[in-house]
Amino acid sequence: MWADLLRAIALVLVIEGLLPFLAPERWREMMLRLSDVDGRSLRIFGGVLIGVGAVLLQFVH
């Protein structure tokens, strides 16, 4: 179980690192725009992402 969790975290790190590596200026611009978004919208967006990820995990296993 711990090995699977570490693999999942490693995969998240790889995916999260793709944009700053491939397009650092666009990534910086996107982060600056995100700083203007209110907390409620970010929370809703995060909740949607969690839901979609949970559904996808059910299809994988």
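Everything below is about the structure printed above this text.
Worth saying up front: this structure is predicted, and the values here are computed from it rather than measured.

### Observations concerning a nonpolar patch on the surface
Among the surface-exposed residues, Leu 19, Trp 27, Met 30, Met 31, Leu 34, Val 37 and Leu 42 lie close enough to one another that they form a single nonpolar patch of about 550 Å² accessible area. Of the residues forming the nonpolar patch, the biggest block, four residues, is contributed by helix H2 (residues 24-34). Note on placement: Leu 19 falls in helix H1 (residues 2-22). Residue class for Leu 19 comes out partly exposed when judged on its relative accessible area of 46%.

### Digging into the packing of H1 against H2
At their nearest, the axes of H1 and H2 sit 5 Å apart, and the two run at 115° to each other. Classified by the angle their axes make, H1 and H2 are roughly perpendicular. Taken together, the residues of H2 that come into contact with H1 (itself represented by Leu 19, Pro 20, Phe 21 and Leu 22) are Pro 24, Trp 27 and Met 30. Residues that form the contact of H1 with H2 fall into these classes: seven nonpolar, no polar and no charged.

### Points about the pattern of salt bridges
Scanning the model with the defined rule gives three salt bridges in all. Its salt-bridge partner being Asp 4, residue Arg 7 comes within 2.8 Å of it at the nearest N-O pair. Residue Arg 7 and its partner Asp 4 are located together in helix H1, separated by three residues, close to a single helical turn. In this structure, Arg 28 engages Glu 25 in a salt bridge whose closest nitrogen and oxygen atoms are separated by 2.9 Å. Linking Arg 28 with Glu 25, this pair stays in helix H2, spanning three residues, or about one helical turn.

Definitions and cut-offs
Along each chain, residue indices are assigned from 1 in the same order as the chain's sequence is written. The predicted origin of the model limits local features to residues at a pLDDT of at least 70 and limits the giving and counting of side-chain atom pairs to 80 or more, whereas totals for whole chains, interfaces and linings rest on all residues. Just so you know, side-chain values use all the structure's heavy atoms and leave hydrogens and water out. Distance thresholds for patches are 9 Å for like charges and 5 Å for nonpolar side chains (Val, Leu, Ile, Met, Phe, Trp, Tyr), applied to residues having over 30% relative accessible area and no salt bridge. Surface accessibility follows the Shrake-Rupley procedure with a 1.4 Å probe radius. Residue values consider only the protein chains on display as shielding. When a carboxyl oxygen of Asp or Glu is within 4 Å of a side-chain nitrogen of Lys or Arg, the pair counts as a salt bridge. Helix and strand assignments follow DSSP, with helices taken as H or I runs no shorter than four residues and strands as E runs no shorter than two, numbered in order from the N terminus. Classification of residues uses two cut-offs on accessible area relative to the type maximum, computed with a 1.4 Å probe and protein chains only: under 20% is buried, over 50% is exposed, and between them is partly exposed. To get an axis, fit a line to the C-alpha atoms, keeping to the stretch in contact for a helix; angles then go from 0 to 180 degrees between the N-to-C directions. Oblique is the label for every angle not falling under 35 degrees (roughly parallel), over 145 degrees (roughly antiparallel), or within 65 to 115 degrees (roughly perpendicular). Two residues form a contact once any of their heavy atoms are found within 4.5 Å. Each residue is assigned to one class: nonpolar for Ala, Val, Leu, Ile, Met, Phe, Trp, Tyr, Cys and Pro, charged for Asp, Glu, Lys and Arg, and polar for all the others, Gly among them.

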